[in-house]
Amino acid sequence: MAAFRLAHLSDPHLPPLPAARLRDLAGKRAFGYLNWTRNRHKYHRREVLDALVSDMQAQQPDHVAVTGDLVNLALDAEFNPAREWLEGVGAPADVTVVPGNHDAYVRTTRHRFTHIFGDYLRGDTDGGAVSFPFVRRRGPLALIGVSSAVPTPPLMATGWLGHPQLAALDTILTQLSRDDAFRVLLVHHPLHSDGRAKRLTDSHQLLALLKRHGVELVLHGHDHIHSTMWFDGPDWKIPAIGVPSASALARKHYPAAAYNLFSIARTGNTWRCEQTVRGLDGARRVVELSTARLI
């Protein structure tokens with residue numbers, strides 16, 4: 001059986017930011033708008049994002065996972081352009097999305113993401129509803145999407161799953177443990193963070209579920225860096241992989257835009273998963289940066 005190829009990108013922070021009305025920039029958005037106009041617009045570039053997506057599509061992945069932060073300030077005017085961009089990445093059957101903290105930046109538009117992008121985050125058996133967690137079966141994969149996206153005070157970018165979502169995830173992981181599937185958990189926030197302002201606040205509860213039930217792979221964004229962390233599963237270590245912003249130029253300790261490409265196949269009674277990282281080099285060409293065998 002041919003290997004299943006799963007691409008992973010995150011945090012496109014779709015540029016440019018549309019014009020904002022003064023009344024839209026109260027509270028947290030005021031801080032975010034100043035940060036964008038003074039700083040972030042310099043290194044989140046649409047031409048970078050387009051080059052990365054073009055290269056990814058040339059690799060012909062079987063499916064694409066996008067782990068959040070499609071927009072910046074969750075302005076009403078940001079969502080439709082982000083939907084159009086996502087349709088250019090692929091059809092809802094071929095792309096799975098979970099929201100990031102910027103997609104639920106403020107309370108007034110915190111539910112716009114699920115409304116606009118519902119086709120991309122609806123589980124196989126959910127009918128017309130959108131709920132978290134959701135499960136999508138694609139080839140040998142069971143893609144499990146959770147939402148850590150919640151509005152937070154200014155200068156905070158924490159995430160939270162909450163008890164109802166964790167309880168539902170417990171049930172889902174129990175059911176999937178009986179199936180012969182390669183389980184991939186999609187979440188925006190990393191499972192461990194040294195920064196209190198950016199952490200997943202109930203990560204210890206999520207990690208307890210993973211230790212009890214296990215998954216084969218965790219994919220996340222949020223930190224805008226290359227990241228590989230290993231966490232305890234029932235009888236094995238679980239790799240959790242992060243990726244830089246898909247639209248970013250390199251700056252300070254943040255690397256330039258990149259995406260992950262995973263080759264997943266069954267070998268006898270075990271899974272094999274190999275990771276290829278492709279991203280911008282110093283000449284702003286998208287090239288292969290590294291490879292690794294995870295499982």
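In this text, all values refer to a predicted model and were calculated from it rather than measured experimentally.

Asks: Talk me through helix H6 (residues 203-213); I want residue IDs and the actual numbers.
Replies: All of the buried residues along H6 are Ser203, Leu206, Leu209, Leu210 and His213. Buried residues of H6, seen end-on, are gathered within an arc of 120° and therefore sit on one face of the element. Considering only its buried residues, H6 is in contact with helix H5 (163-176), strand S6 (182-186), strand S7 (217-219), strand S8 (227-232) and strand S9 (237-242).

Asks: Lay out the sheet that holds strand S4 (residues 134-138) with the relevant residues and their values.
Replies: One open sheet holds the six strands; their spatial order is S4-S5-S6-S7-S9-S8, and the pairing between them is mixed. Whereas interior strands pair on both sides, the edge strands pair on one side only; in this sheet they are S4 and S8. The average angle at which neighbouring strand axes cross in this sheet is 25°, direction not considered.

Asks: Help me get a handle on the packing of helix H2 (residues 46-58) against helix H3 (residues 76-89), residues and values and all.
Replies: At their nearest, the axes of H2 and H3 sit 10 Å apart, and the two run at 25° to each other. Classified by the angle between their axes, H2 and H3 sit roughly parallel to one another. Note on element contacts: H3 touches H2 through Trp85, Gly88 and Val89, opposite Arg46, Leu49, Val53, Met56 and Gln57.

Asks: Which residues make up the packing of aromatic side chains, and what are the values?
Replies: Describing an aromatic ring pair means giving the distance of the ring centres and the angle of the ring planes. Scanning the model with the defined rule gives three aromatic pairs in all. With 5.9 Å between their ring centres and 50° between their planes, Phe132 and Phe134 make a pair best called tilted. Across the ring face of Tyr105, the terminal group of Lys28 is positioned such that the distance to the ring centre comes to 4.6 Å. Over the ring of Trp271 we find Arg266, and its NZ or CZ is 4.7 Å from the ring centre.

Asks: Can you lay out unusual backbone geometry for me, pointing to particular residues and giving the numbers?
Replies: The amide bond that connects Pro15 to the next residue, Pro16, takes the cis arrangement and shows omega of -5°. The residue Pro16 is located in the loop between strand S1 (4-9) and helix H1 (28-38) in this model. Pro133 follows Phe132 through a cis peptide bond whose omega is 0°. Mapped onto the elements of the fold, Pro133 is located in the loop between helix H4 (112-116) and S4. For Ala74, which is not glycine, the phi dihedral falls at a positive 55°. When you line up the elements, Ala74 lands in the loop between strand S2 (63-66) and H3.

Asks: Mind laying out the layout of surface pockets, listing which residues take part and the relevant values?
Replies: Roughly 560 Å³ of internal volume is contained in the largest pocket. Here the lining of the largest pocket is composed, by residue class, of nine nonpolar, nine polar and five charged. Quantified by volume, the second largest pocket comes out at close to 290 Å³. Considering the residues around the second largest pocket, the lining is formed by 14 residues, among which Arg110, Phe132, Ser147, Ala149 and Val150 are closest to the centre. Looking at side-chain class alone, the lining of the second largest pocket contains nine nonpolar, four polar and one charged residues.

Asks: Run through empty space enclosed by the protein, naming residues and quoting values.
Replies: Considering all chains together, one arrives at one cavity of 30 Å³ or more under this definition. As a volume, the largest cavity reaches approximately 40 Å³. Taken together, Tyr43, His44, His224, Ser245, Ala248, Leu249, Arg251, Tyr254 and Pro255 make up the lining of the largest cavity. For the lining of the largest cavity, the class distribution of residues is five nonpolar, three polar and one charged.

About the thresholds
- Chains are numbered independently. Their residues run from 1 in the order of the written sequence.
- Whole-chain, interface and lining totals are the exception, using all residues; otherwise, since this is a predicted model, local features are given only for residues with pLDDT of at least 70 and side-chain atom pairs are given and counted only at 80 or more.
- Hydrogen atoms and water are omitted, and side-chain values are computed over all heavy atoms in the structure.
- Throughout, exposure labels follow a simple rule: accessible area from a 1.4 Å probe, protein chains only, divided by the maximum for the residue type, with under 20% read as buried, over 50% as exposed, and the rest as partly exposed.
- The numbering of helices and of strands both runs from the N terminus, where a helix is a DSSP run of H or I of at least 4 residues and a strand a run of E of at least 2.
- The directions considered for the arc are those from the helix axis to the C-beta atoms.
- Throughout, a contact is declared for two residues whenever any of their heavy atoms are within 4.5 Å.
- A pair of strands is considered paired only if DSSP assigns at least 2 bridges between the two.
- For helices, the axis comes from a line fit to the C-alpha atoms of the stretch in contact; other axes are also lines fit to C-alpha atoms, and the angle between any two N-to-C directions lies between 0 and 180 degrees.
- Orientation categories follow fixed angle ranges, with anything under 35 degrees roughly parallel, anything over 145 roughly antiparallel, 65 to 115 roughly perpendicular, and all other angles oblique.
- Pairs were defined over the aromatic rings of Phe, Tyr and Trp, the Trp ring being its six-membered one, requiring ring centres within 6.5 Å. Orientation was assigned from the angle between planes: stacked under 30 degrees, edge-to-face over 60, tilted for the rest.
- Whether a charge sits over a ring comes down to the Lys NZ or Arg CZ being within 6 Å of the ring centre and within 35 degrees of the ring normal.
- As defined here, a cavity is a set of points on a 1 Å grid over the protein atoms alone where a 1.4 Å probe fits but cannot get out. A pocket is an open set with protein on both sides within 12 Å along at least five of seven lines, and residues line them when an atom is within 4 Å of a point.
- Grid points are joined across faces, edges and corners, and a volume is the space filled by probe spheres set on the points.
- Polarity classes work like this: nonpolar for Ala, Val, Leu, Ile, Met, Phe, Trp, Tyr, Cys and Pro, charged for Asp, Glu, Lys and Arg, and polar for all others, with Gly in that last group.

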